[in-house]
Amino acid sequence: MASGATETERTAVGWAARDAAGHLSPFSYTLRKTGPEDVAIKVLYCGICHTDIHQAKNHLGMSRYPMVPGHEVVGEVEEVGAEVTKFRAGDVVGVGLIVGCCRQCHPCKSSNEQYCPKKVWSYNDVYPDGKPTQGGFSSAMVVDHKFVVKIPAGMAPEQAAPLLCAGVTVYSPLKRFNLAAPGLRGGVLGLGGVGHMGVKLAKAMGHHVTVISSSDKKRGEAVDHLGADAFLASSDAAAMAAAAGTLDYVIDTVPAHHPLEPYLALLGLDGKLIVMGVIGQPLSFLSPMLMLGRKSIAGSFVGSVEEAEETLAFCKDKGVTSQIEVVKMGYVNEALERLERNDVRYRFVVDVAGSNLDGAA
Ligand SMILES: NC(=O)C1=CN([C@@H]2O[C@H](COP(=O)(O)OP(=O)(O)OC[C@H]3O[C@@H](n4cnc5c(N)ncnc54)[C@H](OP(=O)(O)O)[C@@H]3O)[C@@H](O)[C@H]2O)C=CC1
Ligand SMILES: O=C/C=C/c1ccc(O)c(O)c1
Ligand SMILES: [Zn+2]
Ligand SMILES: [Zn+2]
């Protein structure tokens, strides 16, 4: 469609959860007209993040249905609004977890818009006009251009998808907590979608990287395939004790309740435990575990648009890729089940444009 056309409301076909069972099935809905600052996107690929399970299954008690999840979106620009100059039809672009913010608060004014109190989530939220947001397991999205990033030329679109959440989620805290310098010793707890990007990004920053996993099953892959320098099974008390005090940081990606003390013990002086997992129960630790070592526990929430662009550029520059299994939309429910039972190496990406979204086989 012509650049600047803004009058047509379009129908999208997504795959939506209807209730907390979290089963996705075809769902038609209308997208807003392409406003002057909007980009209309045909979705090509969308990664499956564990957050999509948390949201679809109402793990946090805040889910709204019908809900089309998906927030690692890569697509092709179909139409741009009259005031959009950064993108044009045919560009390959990405969208992550956030699609709106107030533009006036301190986080917004300091390129930390993901921390805006009025941020709009790409799904399971509403726009200021009351229309529900729907995510990337869908034929199309209309997104404010501020929240759209260009996928670097030469980067495969399916490869780029996991960088838009898993990648930037690790890149952002490493940068913000001054943990991007070479030579640091990092730990990645939980080798899943976010964790495997943690290993790859930290290695590309020049860190010595230890994977801390719930079992020994991923040892070979972590060291031989992903390039980790060391591997600890958290169940191996002797190995955990031998590694005490050796790490500058641990990126904790576990999506379920777990003790923090075994991982605080791995940190040396001033070490940081960065909690990433979305866990709806209190986590606990004994305060001396922090004091004796001046350690800190921090959180971090995805990354800004600027950081998403930096992550993409960093990955392009360093040759960092995601390790993915590409599936069709008809497989999305099996993929969600396999993700939940820790059976994916390491991110599912749905080939949305190559799928029959109406649900026929
Ligand atoms: N803070 C933020 O901005 C973001 C948060 N998230 C959240 O991070 C978490 C991880 O997401 P993602 O990487 O996609 O998830 P994955 O399921 O891909 O990976 C999680 C990994 O944690 C380990 N794990 C899983 N279940 C358990 C358990 N019960 N106990 C101990 N370890 C477990 C497994 O690794 P192993 O086999 O090595 O033990 C698993 O591979 C989720 O809660 C997600 O919502 C995601 C993106 C951004
Ligand atoms: O995938 C990214 C989402 C992270 C997230 C962080 C906090 C929270 O309450 C969520 O629902 C999701
Ligand atoms: Zn995510
Ligand atoms: Zn704001």
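These numbers come from a predicted model, not from an experiment.

**Student:** Mind laying out unusual backbone geometry, listing which residues take part and the relevant values?
**Tutor:** Most peptide bonds adopt trans geometry, and most residues besides glycine take a negative phi value. Residue Pro 66 is bonded to the preceding Tyr 65 through a cis peptide linkage, with omega at -5°. Structurally, Pro 66 can be placed in the loop between α1 (50–56) and β4 (72–80). With a phi close to 50°, Arg 294 is a non-glycine residue in the positive phi region. With a relative accessible area of 56%, Arg 294 lands in the exposed category.

**Student:** Tell me about a nonpolar patch on the surface, and name the residues and values.
**Tutor:** A cluster of nonpolar side chains, namely Leu 60, Met 62 and Val 278, defines an oily patch on the protein surface of about 260 Å² accessible area. Structurally, Met 62 is set in the loop between α1 and β4. Met 62 gets classed as exposed once you look at its relative accessible area, which sits at 57%.

**Student:** Quick rundown of empty space enclosed by the protein? Include the residues and the values.
**Tutor:** What the rule picks out here adds up to one cavity of 30 Å³ or more. Every residue lining the largest cavity is counted, 16 residues in all, and those nearest its centre are Gly 96, Leu 97, Gly 303, Val 305 and Ala 308. Among the elements of the structure, β5 (92–95) and α10 (305–318) are those that each provide at least two residues to the lining of the largest cavity. Of the residues that constitute the lining of the largest cavity, the class distribution is ten nonpolar, five polar and one charged.

**Student:** Give me the coordination of the zinc ion (ligand 3): which residues, what numbers.
**Tutor:** Tetrahedral coordination by four donors sets the ideal angle at the metal to 109.5 degrees; octahedral coordination by six donors sets it to 90 or 180 degrees. Within the protein, the zinc ion (ligand 3) binds to Cys 49 (SG), His 71 (NE2) and Cys 165 (SG); these donor distances fall in the range 2.0 to 2.3 Å. If you look at the zinc ion (ligand 3), its four donor atoms make angles of 98 to 128° with each other, and the shape they trace is tetrahedral.

**Student:** Break down the pairing of strand β12 (residues 230–233) for me, citing the residues and quoting the values.
**Tutor:** Both strand β11 (residues 208–213) and β12 contribute to a ladder of four bridges, which runs parallel. For Ser 213, the partnering residue across the bridge sits in β12 and is Ala 233. With helix α6 (residues 219–225) bridging β11 and the parallel β12, this β-α-β connection has right-handed handedness.

**Student:** Help me get a handle on the pattern of salt bridges, residues and values and all.
**Tutor:** Applying the stated rule across the entire model yields 17 salt bridges. In this structure, Arg 347 and Glu 72 form a salt bridge, with 2.8 Å as the shortest nitrogen-oxygen distance. Here Glu 72 lies in strand β4 and Arg 347 lies in strand β17 (residues 347–351), a separation of 275 residues in the sequence. Exposure class is identical for Arg 347 and Glu 72. Each is buried. Of the charged contacts in the structure, one is a salt bridge between Lys 203 and Asp 229, with a shortest N-O distance of 3.0 Å. Here Lys 203, found in helix α5 (residues 193–204), pairs with Asp 229, found in the loop between α6 and β12; they are 26 residues apart in sequence, far enough to count as distant.

**Student:** Outline the packing of aromatic side chains, supporting the account with residue identities and numerical values.
**Tutor:** One pass over the full model with this rule turns up five aromatic pairs. When the ring of Tyr 171 is compared with that of Phe 314, the centres are 5.9 Å apart and the planes differ by 55°; the resulting orientation is tilted. Of the two residues, Tyr 171 sits in helix α4 (residues 166–176) while Phe 314 sits in helix α10, which places them 143 residues apart along the sequence. The burial state of Tyr 171 is the same as that of Phe 314; both residues are buried. Between the aromatic rings of Tyr 331 and Phe 348, the centroid separation amounts to 6.4 Å while the plane-to-plane angle is 65°, which identifies the pairing as edge-to-face. Taken together, the residues Tyr 331 in the loop between β16 (324–327) and α11 (332–340) and Phe 348 in strand β17 connect sequence positions 17 residues apart. A relative accessible area of 29% means that Tyr 331 is categorised as partly exposed. The ring of Tyr 127 carries the charged tip of Arg 32 above its face, separated from the ring centre by 4.6 Å. The ring centre of Phe 147 lies 5.9 Å from the NZ or CZ of Lys 146, which sits over that ring.

Rules behind the numbers
Residues numbered from 1 in each chain as written. Chains lettered and ligands numbered in written order. Predicted model: local features only at pLDDT ≥ 70, side-chain atom pairs only at ≥ 80, totals over all residues. Heavy atoms only, no water. Helix = DSSP H or I, 4+ residues; strand = E, 2+ residues; numbered from the N terminus. Buried < 20%, exposed > 50% of the residue type's maximum accessible area, 1.4 Å probe, protein only. Patch = residues over 30% accessible without salt bridge, like charges linked within 9 Å, V, L, I, M, F, W, Y side chains within 5 Å. Areas by Shrake-Rupley, 256 points an atom, 1.4 Å probe, with all protein chains shown as cover. Salt bridge = Lys/Arg side-chain N within 4 Å of Asp/Glu carboxyl O. 1 Å grid on protein atoms, 1.4 Å probe; cavity = no way out; pocket = protein on both sides within 12 Å on 5 of 7 lines; lining within 4 Å. Points joined across faces, edges and corners; volume = space filled by probe spheres on them. Nonpolar A, V, L, I, M, F, W, Y, C, P; charged D, E, K, R; others polar. Donors = N, O, S within 2.8 Å, 3.2 Å for Na, K, Ca; no water. Tetrahedral: all angles 85-135°; square planar, octahedral: opposite > 155°, others 65-115°. Pairing = 2+ DSSP bridges. Right-handed = clockwise from strand over helix to strand, strands pointing away. Phe/Tyr/Trp six-rings, centres within 6.5 Å; stacked < 30°, edge-to-face > 60°. Lys NZ or Arg CZ within 6 Å of the ring centre and 35° of its normal.

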